[in-house]
Amino acid sequence: MRFRSLVFLLFAAATLAWAAEKPKPPSSPRLYVFNCGIIKAMSVTTYGFKEGEVPNRDFVVTCYLIAHPKGTLMWDVGFTPDAALKPDAPNKPLKTQLAEIGYTPADITYLAMSHYHSDHTGNANDFASATWIVQRAERETMFTEPPPRILAPATFSALKNSKTKVLNNEDYDVFGDGKVVIKTAPGHTPGHQVLFLRLKKDGNMLLAGDLYHFPEEQTMNRFPTFEFNVPQSASSRAAIDEFLKKNNAQMWISHDLATYNQAKKSPQFYE
Ligand SMILES: [Zn+2]
């Protein structure tokens, strides 16, 4: 074989090996944070404030990957499906962001969303091969006809046939070691849930989904006008407050741009 052909073959083999190599499971859980878009300033009155009481601001749409020694969990999957992203979008496609750290949707063990609103389900169909973890009340509403507002059923229709872990308004320890725990927190939607992480280096964190959108909802005790059930949201907030104190955990309001701007973004990670 001529030297040049040999070099070419070796190069091709190395490329294939590189492409096939999957990320090794980490020795302790990691949290990767992705930018899944920006929602331009909406009126604060939608979130229970008087006009001018708090400043209007943009929301960030955050997607997360948790890599655990025993598998992976996608938590919230964006607003605009990758295929519909415009070239001038402020964010890269979610699949591109995953690929940059070596993952494809086929590598994802579990999919869970804080809730069914369209700014959390955008790319759900891409993860239909994962096991979907969802509260029963949430799943039932997702597949009712006609669909309620703020739902984009086309983005999650493939989940109907996914392997599914249905929860009955209960918490769920995803990998069985207490380090990645889905917690029931209904009210914003019938089966809204939040995610608790026990990280070795960065400590205890709670990804709060849409339990709050603005930090002032917490400090000024306000509720969005489109809550499914305000009293239920109030008790979920109280229960989560208690839980945060007990576990010395910091809470992450997923849409809060100030929180996001200070965060480590993928390919960096929390661990
Ligand atoms: Zn949201």
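Residues numbered from 1 in each chain as written. Predicted model: local features only at pLDDT ≥ 70, side-chain atom pairs only at ≥ 80, totals over all residues.

Trainee: What am I meant to see in the overall build of the protein here?
Mentor: Looking only at helices and strands, the protein features seven helices and 11 strands. A compact globule built from 271 residues should have a C-alpha radius of gyration of about 18 Å, and the protein, at 20 Å, falls within 12% of that. Overall, the C-alpha framework of the protein stretches about 75 × 40 × 40 Å when taken along its three principal axes. Classification of the 271 residues of the protein by burial places 36% in the buried group. When contacts within the protein are restricted to residue pairs at least 6 apart in sequence, those whose partners lie at least 24 apart make up 70%. (Helix = DSSP H or I, 4+ residues; strand = E, 2+ residues; numbered from the N terminus. Rg over C-alpha atoms; globule rule 2.2 N^0.38 Å. Buried ≥ 20, exposed ≤ 12 C-beta atoms within 10 Å, placed from the backbone. Contact = placed C-beta atoms within 7 Å.)

Trainee: What exactly am I supposed to notice about the environment of Pro-69 here?
Mentor: Following the sequence through the fold, Pro-69 ends up in the loop between β2 (59-68) and β3 (71-75). Between the C-alpha atom of Pro-69 and that of Arg-198, which follows or precedes it by 129 residues, the distance is 13 Å. Those residues in contact with Pro-69, other than ones at most four positions away along the chain, are Pro-25, Pro-26 and Ser-27.

Trainee: In this structure, what is going on with the nonpolar core? I would like to understand it.
Mentor: When a protein is soluble and globular, its nonpolar side chains tend to lie buried together. With 53 residues, the main nonpolar core has Tyr-64, Ile-66, Met-74, Leu-111 and Ala-208 as its most contacted residues. Considering each element in turn, this core owes the most residues, eight residues, to β2. For Ile-66, the contacting residues outside a window of four places in its chain are Pro-29, Leu-31, Thr-72, Leu-73, Trp-75, Val-180 and Leu-197. (Core = buried A, V, L, I, M, F, W, Y, C linked by C-beta atoms within 7 Å.)

Trainee: Explain the sheet that holds β2 to me, please; I cannot follow it from the model alone.
Mentor: Within a beta sheet, neighbouring strands are joined by backbone hydrogen bonds and run either parallel or antiparallel to one another. Overall, mixed pairing links the six strands, which are arranged β1-β2-β3-β4-β5-β6 in an open sheet. At either end of the open sheet lies a strand with only one pairing partner, and these are β1 (30-39) and β6 (164-167). Geometrically, the sheet is characterised by an average inter-axis angle of 20° between neighbouring strands, direction not taken into account. Bridge analysis of β2 against β3 gives five bridges, and the strand direction is antiparallel. Opposite Ile-66, over in β3, you have Leu-73 as the bridge partner. (Pairing = 2+ DSSP bridges. Axes fitted to C-alpha atoms, helices over the stretch in contact; angles between N-to-C directions.)

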